[in-house]
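Structure at a glance
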Amino acid sequence: MQYSVFTDTDWLYPDSAHSGIKNIRLTVPRGGHAGAQILGELPKTSPRLQFVWHQDSQNAGLTVRLFRLLPVGVNENTDSSLMTTTDFERCKSFVTRKAPFDVYDALCPIEDETVTDRLAVYLCIDADADAVPGNYSGELRLYEGCQETKIPLTCRVSPVRVPHLSSSALGMLNFFDYDGLANQHHVTKNSEEYWSLFSGYVRAQAEMRCTHILLPPGEAVFENGKLVDFDFSAAERAGQIARKEGARWLCGGHIAHWHEWDEQEYYPIWDQSLGLTTTEGYLQLRLYFTKWNEIVTRNHWQECMAQSLADEPQTHNDTTYRILAGIFRKFMPGIPIIDAVETTNLGGGIDIWVPKQDTYEKWRDEYEKLQAAGETMWFYTCAFPAGPIMNRSMDLPLTASRAVFWMGALYRLSGFLHWGFNYYIGSDIWHSACCPHKGALLPAGDAHIVYPGQNGPLRSMRFEAQRAGAEDYELLMQAVRTAPGQTDELIRKVCTDFRHYTREGSILTEARKHLTELLESEVSSNDR
């Protein structure tokens, strides 16, 4: 069978030409992973795949996983300023291809899917934290009838280590769509089948190195049109499952929003006509936070709980946000507040600042003052401002999904947030990855980084890139502690700001190799 090997840092397409590379060569840190993509011609029959190590690797701490790469349709291109466009002239300088096109993004367990076009496979090796450093070899065998094709693999396990999620330097939060889970998997919300699926989604978030799991907000209970209580049963169940699955932090769901970005007032999600700065607004918040605090205390979550209050406070409503934060702190003292922010004027009203990547660079001097004073600073990405800026859109280079964490390390930002883990918006995300939003379309994949599978979430190549980027961040911050100048110089070979980054996967791969070598030299020095 004719085949070629590709790195996991570049996109593959159903019409991709062969690379000429026949061997898989990987370097994996302990506690981390590495992967490769394989593209072959359409076989006459569905082939059987098997990976075999040449030596006894049972005690080496290595796990090999095989996935079928599934094509996903990108129906429009990312626009140069906002959302999407069908005018290729507006975006041809920074997108990978002219839409519409198909790209291999979704990953399906090898046994769950038959080959319908080209053979497209993703091979991933995970190394335990205590994996034995050294060189290993094996081969991926493809059986097509009586024909056998062997793809050689060499894997070097580096002595450097990616820390366990429980002690990671990088915080991460991806918003979760609880309604979407029920709709896309065709199950009843809050049924046992629903919560079983949710467990799988939590495990997927942990695998992507998410430290915080977003919980649903409490649901308002009305009698005769009057608010009388809040039901936190779904939030409590979700929190219990997330903690059982090993979640490091829980995060209470948003409870308020503004109507327009330049408006001063906030409104609770259960009553969009009630201003929170009114007496009735305060009393309803008092009831909400009192009930929520009882749930948190009963489950002993005080030391692992954070709270989101209102997404994206702006310069026009930052004073009102501080009022909301003050009310929250009265009833739930000691719980850190985390939110995506579009202003620098929230001092004392927020504990974990999360400015958008371009917002951080726009007001970088102010944010760096806050960082220098000891404030916790994350960053986030979303559909705005679009264009070439780093985001995980499917028509941007795959390097953008990974290099964004290298920029986080360069700016010494300690966490990452994205709004769309599983927002399966639209009737067919498999052929129309640009999901509808307020009369427009979101850039391809902005709303989701996993796909609904038969038994739970299917990962994606963007998922794997983000996971790799999070692992890179951990190694970069280790290197920063011992060799900050060399580390920053290495990062700048990959990216210099959120708009300027390498489009070539080979450059990112080479930089990761040099990072590993830099850390290994430190390990050797410490051992002498």
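Here's a quick rundown of the structure. (Residues numbered from 1 in each chain as written. Predicted model: local features only at pLDDT ≥ 70, side-chain atom pairs only at ≥ 80, totals over all residues. Heavy atoms only, no water.)

**Re the pairing of strand β3 (residues 33-40)**
- Among the eight residues of β3, eight are classified as buried, and the element is accordingly described as predominantly covered.
- Of the two faces of β3, the one lined by His33, Gly35, Gln37 and Leu39 and the one lined by Ala34, Ala36, Ile38 and Gly40 are each fully buried.
- When strand β1 (residues 3-7) meets β3, the two strands line up antiparallel, connected through five bridges. From the neighbouring strand, Thr7 faces β3, where its bridge partner is Ala36.
- Pairing analysis gives eight bridges linking β3 to strand β9 (residues 119-127), with the strands arranged antiparallel. Within β9, the position partnered with Ile38 by the bridge is Val121. (Buried < 20%, exposed > 50% of the residue type's maximum accessible area, 1.4 Å probe, protein only. Helix = DSSP H or I, 4+ residues; strand = E, 2+ residues; numbered from the N terminus. Pairing = 2+ DSSP bridges.)

**Remarks on the sheet that holds strand β19 (residues 305-307)**
- One open sheet holds the six strands; their spatial order is β19-β16-β13-β12-β24-β23, and the pairing between them is parallel. Pairing within the sheet leaves two strands with one partner each, and these edge strands are β19 and β23 (379-381). Averaged over all pairs of adjacent strands, the angle between strand axes in this sheet comes to 25 degrees, irrespective of strand direction. (Axes fitted to C-alpha atoms, helices over the stretch in contact; angles between N-to-C directions.)

**A look at the side chain of Gln205**
- Inspection of the secondary structure assignment puts Gln205 in helix α2 (residues 192-207).
- Residue Gln205 is classed as buried on the basis of its relative accessible area, which comes to 1%.
- Aside from chain neighbours lying at most four places away, what touches Gln205 is Asn174, Phe176, Cys210, His212, Ile213 and Phe421. (Contact = heavy atoms within 4.5 Å.)

**Topic: the layout of surface pockets**
- Roughly 1,600 Å³ of volume is contained in the largest pocket.
- Around the largest pocket sit 48 residues that line it, and His257, Asp311, Glu312, His437 and Lys438 are the ones nearest its centre.
- Considering every element that reaches the lining of the largest pocket, the biggest residue donor is helix α6 (residues 357-362), with three residues.
- Across the lining of the largest pocket, the residue classes tally to 24 nonpolar, 11 polar and 13 charged.
- Taken together, 27 residues make up the lining of the second largest pocket; nearest its centre are Thr7, Arg25, Leu26, Thr27 and Thr509.
- Sort the elements by how many residues they give to the lining of the second largest pocket and helix α11 (residues 505-527) lands first, with seven residues.
- Looking at the lining of the second largest pocket residue by residue, the classes come out as 10 nonpolar, eight polar and nine charged. (1 Å grid on protein atoms, 1.4 Å probe; cavity = no way out; pocket = protein on both sides within 12 Å on 5 of 7 lines; lining within 4 Å. Points joined across faces, edges and corners; volume = space filled by probe spheres on them. Nonpolar A, V, L, I, M, F, W, Y, C, P; charged D, E, K, R; others polar.)

**A look at unusual backbone geometry**
- With an omega of 5 degrees, the peptide bond running from Ala99 to Pro100 counts as cis.
- Inspection of the secondary structure puts Pro100 in the loop between β7 (84-85) and β8 (101-109).
- Here Phe384 and Pro385 are connected by a cis peptide whose omega angle stands at 15 degrees.
- With respect to the helices, strands and loops of the structure, Pro385 is situated in the loop between β23 and α8 (399-410).
- At Met83, a position not held by glycine, the phi torsion is positive, near 60 degrees.
- Among the structural elements, Met83 can be located in the loop between β6 (77-78) and β7.
- Here Ala386, not a glycine, exhibits a phi torsion of approximately 60 degrees, which is positive.
- Residue position: Ala386 is located in the loop between β23 and α8.

**Brief notes about the pattern of salt bridges**
- For the structure shown, the criterion picks out 30 salt bridges.
- Of the charged contacts in the structure, one is a salt bridge between Arg298 and Glu236, with a shortest N-O distance of 2.9 Å. On the criterion of sequence distance, the pair formed by Arg298 in helix α4 (residues 279-298) and Glu236 in helix α3 (residues 233-244) is long-range, its members being 62 residues apart.
- Taking relative accessible area as the criterion, Glu236 reaches 14% and is therefore assigned buried.
- Linking Glu366 and Lys369 is a salt bridge whose minimum nitrogen-to-oxygen distance equals 3.4 Å. With Glu366 and Lys369 both in helix α7 (residues 364-372) and three residues apart, this pair spans about one turn of that helix.
- Relative accessible area serves as the criterion here: at 55%, Lys369 is assigned to the exposed category.
- Because the salt bridges share partners, they merge into one network encompassing Arg65, Asp126, Glu207, Arg459, Glu464 and Arg467. (Salt bridge = Lys/Arg side-chain N within 4 Å of Asp/Glu carboxyl O.)

**Looking at the environment of Gly426**
- Mapped onto the fold, Gly426 is located in the loop between β24 (415-418) and β25 (436-437).
- Relative accessible area serves as the criterion here: at 39%, Gly426 is assigned to the partly exposed category.
- Along the sequence, Gly426 and Pro436 sit 10 residues apart, while their C-alpha atoms lie 6.3 Å from each other.
- Look past the residues within four positions of Gly426 in its chain and what remains in contact with it is Gln184 and Pro436.

**Some points on the pairing of strand β5 (residues 62-74)**
- One ladder, built from seven bridges, connects β5 with β9; its direction is antiparallel. From the neighbouring strand, Val64 faces β9, where its bridge partner is Ile125.
- Here β5 runs beside β8; their pairing, made up of eight bridges, is antiparallel. Directly across from Arg68, in β8, lies its bridge partner Cys108.

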